[in-house]
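Observations on the model geometry
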Amino acid sequence: MHVSVPRESAPGERRVALVPDVLARLEAKGIEITVESGAGDGALSSDETYVEAGATIAADWAAAIAGADVVCKVQAPTPEEATRLAEGSSLVCLLQPASNLELVKVLASRRIGAFSLDLLPRISRAQSMDALSSQATVTGYRAVLIAAERLPRFFPMFMTAAGTVPPAKVLVLGAGVAGLQAIATARRLGAVVRAYDVRTAAKEEVKSLGAAFVELELEAQEGEGGYAREQSEDFLTRQRELIGKEVAAADVVITTAAIPGRRAPMLVTAAMVEGMRPGSVIVDLAAESGGNCELSQPGVDVDVNGVVVHGAADVASSMPVHASFLYARNIAEVLGLMVSDGAFAPDFDDEIIAGMCVTFGGEVRHEATRQLLEGGNA
Ligand code: NAD
């Protein structure tokens, strides 16, 4: 089985799909790896380190993908790049098919087997392949550092000869993988942390990290597979009313609330931002999927009467070494599941393979994506 790793072409993307560390375990399974020259530069993995780990370096994109059974990427290729993938080859990446319908059409028409890590079933056996979790770990951690850099106060409490400094008050909205990592990181920096999630299961996890769970008079919103379900506008209105006091009391608000495949719920209104003390900071990790804060814009700091609203963008890519290190392990595990006796042999009876598959053999196999295409939303 021949696997190739082209350079990421998305602007600002510094991660790479495979790092030299994981190559030995792939080679042991009979997988040969070709890496486009410079593909690992952003993650500080040089061509030389790939060669030392047994990979072949290809001069350019075309040479890298030539003869590949499977092309591994972080982000989805552009539709134009997909037209240059070999017909009948396969692709593994974070494809986000619902927002890339043009790409899905090209992949199907070229009979490319596309497997998307964001569709991975979140079952115990798939945990080591869970790229959404590994990248959310990075974003949750970074969100706190982004806030700490902007906050004109300390995070920890200090008792000094010059006086006592109270700890920063951090509120985390959404306590999934990123939110829990944000709580843990803010606690390590010494902040007093409160957190809220619509799933009841989150309460014990929040408390186990030393944060207080914010109790709101609202019904739980558990959906399928451990995710939250989409909430009604009435629910969100009541949530905003109840959370207002918490937001006003916080020095830092980190929002991570998301519903898979849907626009992020809007939790913090412009009026709530105006009610915060000058110097407070909001980091909105959902900014790229519609935003949890009404005022956030991806990649921008918006200043509202001295309150900074940071719309996070490309956060995982801003810590490329460890984001790639974890992602590469996820990819290596997925590839391990697709290889048999050194040959590419995806087993569609395996719910992990079937769950991740967007297109194969000219068909769109992912039901929700097929419906979107048939609905003419492409
Ligand atoms: P996510 O990124 O889809 O959402 C982030 C969080 O936002 C979730 O906890 C969700 O409940 C919360 N949320 C949604 N609407 C909200 C609202 N209006 N107010 C406050 N919070 C809101 O979720 P995720 O981080 O990818 O993970 C969600 C769940 O999946 C968690 O239970 C996690 O433990 C579970 N999980 C399981 C596995 C596994 O078993 N392999 C792996 C990863 C995650």
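To start, this report covers the structure provided alongside it. (Residues numbered from 1 in each chain as written. Predicted model: local features only at pLDDT ≥ 70, side-chain atom pairs only at ≥ 80, totals over all residues. Heavy atoms only, no water.)

Turning to the nonpolar core, a few remarks are in order. Of all hydrophobic cores here, the largest spans 63 residues; its most connected members are Leu18 and Leu335. Considering every element that reaches this core, the biggest residue donor is helix α11 (residues 320-338), with 7 residues. Aside from chain neighbours lying at most four places away, what touches Leu18 is Val3, Val5, Leu23, Leu26, Tyr50, Ala328, Ile331, Ala332 and Leu335. (Core = buried A, V, L, I, M, F, W, Y, C linked by side-chain atoms within 4.5 Å. Buried < 20%, exposed > 50% of the residue type's maximum accessible area, 1.4 Å probe, protein only. Helix = DSSP H or I, 4+ residues; strand = E, 2+ residues; numbered from the N terminus. Contact = heavy atoms within 4.5 Å.)

This part takes up the state of the cysteines. Tallied over the full model, the rule gives 0 disulfides. Free of any disulfide, Cys357 has its nearest cysteine sulfur in Cys93, 12 Å distant. (Disulfide = S-S within 2.5 Å.)

In a beta sheet, neighbouring strands are held together by backbone hydrogen bonds and run either parallel or antiparallel to one another. Spatial ordering of the open sheet is given by β11-β10-β9-β12-β13-β15-β14, a layout of 7 strands whose pairing is mixed. At either end of the open sheet lies a strand with only one pairing partner, and these are β11 (212-213) and β14 (301-304). Note: strand β9 (residues 169-173) against strand β12 (residues 252-255), 4 bridges, orientation parallel. Its bridge partner being in β12, Leu173 is matched across the sheet by Thr255. Its contacts with the sheet place helix α7 (residues 177-188) against β9, β10 (192-196) and β12, and it is angled at close to 165 degrees to β10. (Pairing = 2+ DSSP bridges. Axes fitted to C-alpha atoms, helices over the stretch in contact; angles between N-to-C directions.)

What follows concerns the packing of helix α6 (residues 131-150) against α11. Close contact between α6 and α11 brings their axes to 9 Å; oriented N to C, the two are set at 170 degrees. By the angle between their directions, the pair α6 and α11 is classed as roughly antiparallel. Seen from α6, the contacting residues are Ala131, Ser134, Gln135 and Val138; seen from α11, they are Ala323, Leu326, Tyr327 and Asn330. Grouping the constituent residues of the contact of α6 with α11 by class yields 5 nonpolar, 3 polar and no charged. (Parallel < 35°, antiparallel > 145°, perpendicular 65-115°, else oblique. Nonpolar A, V, L, I, M, F, W, Y, C, P; charged D, E, K, R; others polar.)

A separate point is the packing of helix α5 (residues 101-109) against helix α13 (residues 367-374). With their axes 11 Å apart at the nearest point, α5 and α13 run at an angle of 105 degrees to one another. Considering their axes alone, α5 and α13 lie roughly perpendicular with respect to each other. Between α5 and α13, the residues in contact are Leu101, Val104 and Lys105 and Thr369, Leu372 and Leu373, respectively. Looking at the contact of α5 with α13 residue by residue, the class counts come to 4 nonpolar, 1 polar and 1 charged.

A few words now on the pairing of strand β18 (residues 357-360). Relative to β18, strand β6 (residues 113-116) is paired through 2 bridges, and the arrangement is antiparallel. Following the sheet pairing, Ala114 is matched in β18 by Thr359. Direction of pairing for β18 relative to strand β19 (residues 363-364): antiparallel, over a ladder of 2 bridges. When the sheet's bridge partners are listed, Phe360 is paired in β19 with Glu363. Here β18 folds back onto β19, and the loop between the two strands holds 2 residues, one of which, Gly361, carries a positive phi near 55 degrees.

Right, let's talk about the site of the ligand for a bit. For the ligand, the set of nearby residues contains 26 residues, the closest of which are Arg122, Val177, Asp197, Arg199 and Gln231. One nitrogen or oxygen atom from the main chain of Gly176 is found 3.2 Å from an oxygen atom belonging to the ligand. Here a nitrogen atom of the ligand and a side-chain polar atom of Gln239 are 3.0 Å apart. For the ligand, whose free accessible area comes to 840 Å², the fraction covered by protein is 85%. A per-class count over the shell around the ligand returns 14 nonpolar, 8 polar and 4 charged. (Near = heavy atom within 4 Å. Polar contact = N/O pair within 3.5 Å; in protein donor to acceptor, adjacent residues only side chain to side chain. Areas by Shrake-Rupley, 256 points an atom, 1.4 Å probe, with all protein chains shown as cover.)

Honestly, that's just the spatial picture; any functional story needs more than this.
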